[in-house]
Amino acid sequence: SREIHLVSRPQGMPANSDFKLVSQPVPVLNDGEVLVKNLWLSVDPYMRGRMVERASYIEPFALNEALSGGAVGEVVESRHPQFPVGSKVSSMNGWREYFTSTGSDLQLLPQTGIADQAFLSALGMTGMTAYTGLFKIAELEEGDRVFVSAASGAVGAMVCQIAKLKGCYVAGSVGSDEKARYLLDELGVDAVVNYKTTSDLHNSIAEACPEGIDVYFENVGGDHLEAVLNLMNDHGRIAVCGMIDQYNATSPQPGPVNLAQIIIKKLKIQGFIVFEHWDGYPAFVEQMLQWITAGQIRWKETVFEGIEQAPDAFIGLFNGQNLGKMLVKLT
Ligand code: NDP
């Protein structure tokens, strides 16, 4: 069984040399345990924060141990009545090919007819983050003018579609023209800014949002936040989901110079961690299944094959190599 260890704490952009592929014997299961073969791994930007040794909302990854992260797998041996051989399960035991479990850290996937790996994207943490940020944090209302950064990514593309379903005007920013076309042509987004080719991010977002912004779904931070603060409408809400622009920074980054806009516009700005809202997961899944079944929510996957590719897939998140959800398919 192969697994990926973190062997050094990345400085700046993570490098392949920060990771090591290690072979171990397939673990032997005891009574009351199951042996799970992972089929799909999720790589996620938040993992970059766990590679740094510091106090945070979640403990740092240990060096020279298998990394962990979202995964979907299949029970291949079982001494546990609730998880017969063939059961599909999700867990946080990713970045390895096999693991044993007593079942306490496994969730059985419901039979939905939807591909298993959707529980790592639309029907999993990704969709739940978009839903929680929009409704619980930003208190989205019909007709709001919404702006989303990293709009073609896993979370961003969900945010765009959910806000459109709620009758909102939706604009977003992305790092390529291909991603812009996908949002405009396939997801019905109203306007898109390519932040890499514009010479003036503020003006481009202003043009994309001619009636200002009521809700900003923040995935990026940095100059995006500064530009958007100037363009927020009175009583606007900002759901601070992520700040990927800063995750590889090696020194503290300057904040926006225009924070007084928070007072002038009477803004509400709130960060959130989706795992603290997991009591809302069953209601979210019910709603998301309805949307998916009705053809109202769609998603793309960017897939790397083989566990040895997991570091490249992870690093690719910071280069914008993914359209939609970045996944690793185990072979
Ligand atoms: P994505 O699928 O959006 O992948 C990351 C994308 O971010 C890339 O494709 C890239 O797209 C964009 N990006 C990378 N670097 C930069 C940069 N310097 N400036 C602008 N854009 C950049 O990942 P997720 O959907 O999984 O996550 C999106 C955000 O949500 C992240 O910030 C993540 O940390 C956060 N998050 C927060 C959670 C929470 O509980 N608070 C839970 C899950 C995610 P492009 O080509 O457009 O640049």
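Residues numbered from 1 in each chain as written. Predicted model: local features only at pLDDT ≥ 70, side-chain atom pairs only at ≥ 80, totals over all residues.

By the naming in an unreviewed UniProt entry, the protein is NADP-dependent oxidoreductase, taken from Amphritea pacifica.

1. Things to note about the overall build of the protein
For clarity, the threshold we go by: Elements are defined by DSSP. Helices are runs of H or I of four residues or more, strands are runs of E of two residues or more, and each kind is numbered from the N terminus. Atoms counted for the radius of gyration: C-alpha only. Globule rule: 2.2 Å times residue count to the power 0.38. In this scheme every C-beta is placed from the backbone, and a residue whose C-beta has 20 or more other C-beta atoms within 10 Å is buried, one with 12 or fewer is exposed, and one in between is partly exposed. Two residues qualify as being in contact provided that their C-beta atoms, derived from the backbone, are within 7 Å of each other.
Summing up its helical and strand segments, the protein has nine helices and 15 strands in all. Over its C-alpha trace the protein gives a radius of gyration of 20 Å, about what one expects of a compact globule, namely 20 Å for 331 residues. Its C-alpha atoms give the protein principal-axis dimensions of roughly 60 × 45 × 35 Å. The proportion of buried residues among the 331 residues of the protein is 44%. Sequence-distant contacts, at least 24 apart, represent 64% of the contacts inside the protein between residues at least 6 apart.

2. Structural notes on helix α2 (residues 125-137)
An α-helical turn contains 3.6 residues, so any two residues separated by three or four positions project in the same direction. This is how it is decided: For a helix, the expected span equals 1.5 Å multiplied by the residue count minus one.
For α2, with 13 residues, the first-to-last C-alpha span of 16 Å runs short of the 18 Å given by 1.5 Å per residue. Within α2, eleven of the 13 residues are buried, which leaves it mostly tucked inside the rest of the structure. Listed as buried for α2 are M125, T126, G127, M128, T129, A130, Y131, T132, G133, L134 and I137. Lining the buried residues of α2 we find α3 (154-165), β11 (213-218), β12 (232-240), β13 (268-271), α8 (281-293) and β15 (325-329).

3. Section: the environment of I307
Positionally, I307 belongs in the loop between β14 (301-305) and α9 (310-316). Exposure remark for I307: the 22 C-beta atoms within 10 Å place this residue in the buried category. Note: C-alpha distance between I307 and E142 (165 residues apart in sequence) is 43 Å. If we ignore the near neighbours within four places in the chain, the residues touching I307 are R2, I4, E97, V328 and L330.

4. What about the confidence of the model for the protein?
Detailed reading of the predicted coordinates is not advisable wherever pLDDT is low. As a reminder of what qualifies: Each residue gets a pLDDT score, which is the predictor's confidence in that residue and runs from 0 to 100.
With 100% of its residues at a pLDDT of at least 70, the protein reaches an overall mean of 97. Here the predicted complex scores 0.98 on pTM and 0.99 on ipTM.

5. Some points on the sheet that holds β13
Condition: We call two strands paired when DSSP finds no fewer than two bridges between them. Axis lines are fitted to C-alpha atoms, over the contacting stretch for helices. Their N-to-C directions set the angle, which ranges from 0 to 180 degrees.
Reading across from one edge, β10-β9-β8-β11-β12-β13 is the order of the six strands in this open sheet, with parallel pairing throughout. Strands at the two margins of the open sheet, each flanked by one partner only, are β10 (191-194) and β13. Going from strand to strand, the sheet's axes swing by 15° on average, the running direction of each strand aside. Its contacts with the sheet put α2 on β11, β12 and β13, and the angle it makes with β12 is roughly 140°. Strands in contact with helix α5 (residues 201-208) are β8 (145-148), β9 (169-174) and β10; relative to β10, the strand with the most contacts, it is inclined by about 170°.

6. Here we look at the nonpolar core
Burial of nonpolar side chains together is a common tendency in soluble globular proteins. Selection rule: By definition, a nonpolar core groups buried Ala, Val, Leu, Ile, Met, Phe, Trp, Tyr and Cys residues that connect through C-beta atoms lying within 7 Å of each other. An automatic or database domain assignment supplies the residue ranges for each domain.
Of all hydrophobic cores here, the largest spans 88 residues; its most connected members are L134, V159, C160, F217 and V228. At eight residues, the largest contribution of residues to this core is made by α3. There are two domains that each give this core at least three residues, and those are domain 1 (2-121 + 300-329) and domain 2 (125-275). Those residues in contact with L134 that lie beyond four places of it in its chain are L140, V159, I162, A163, F217 and A239.

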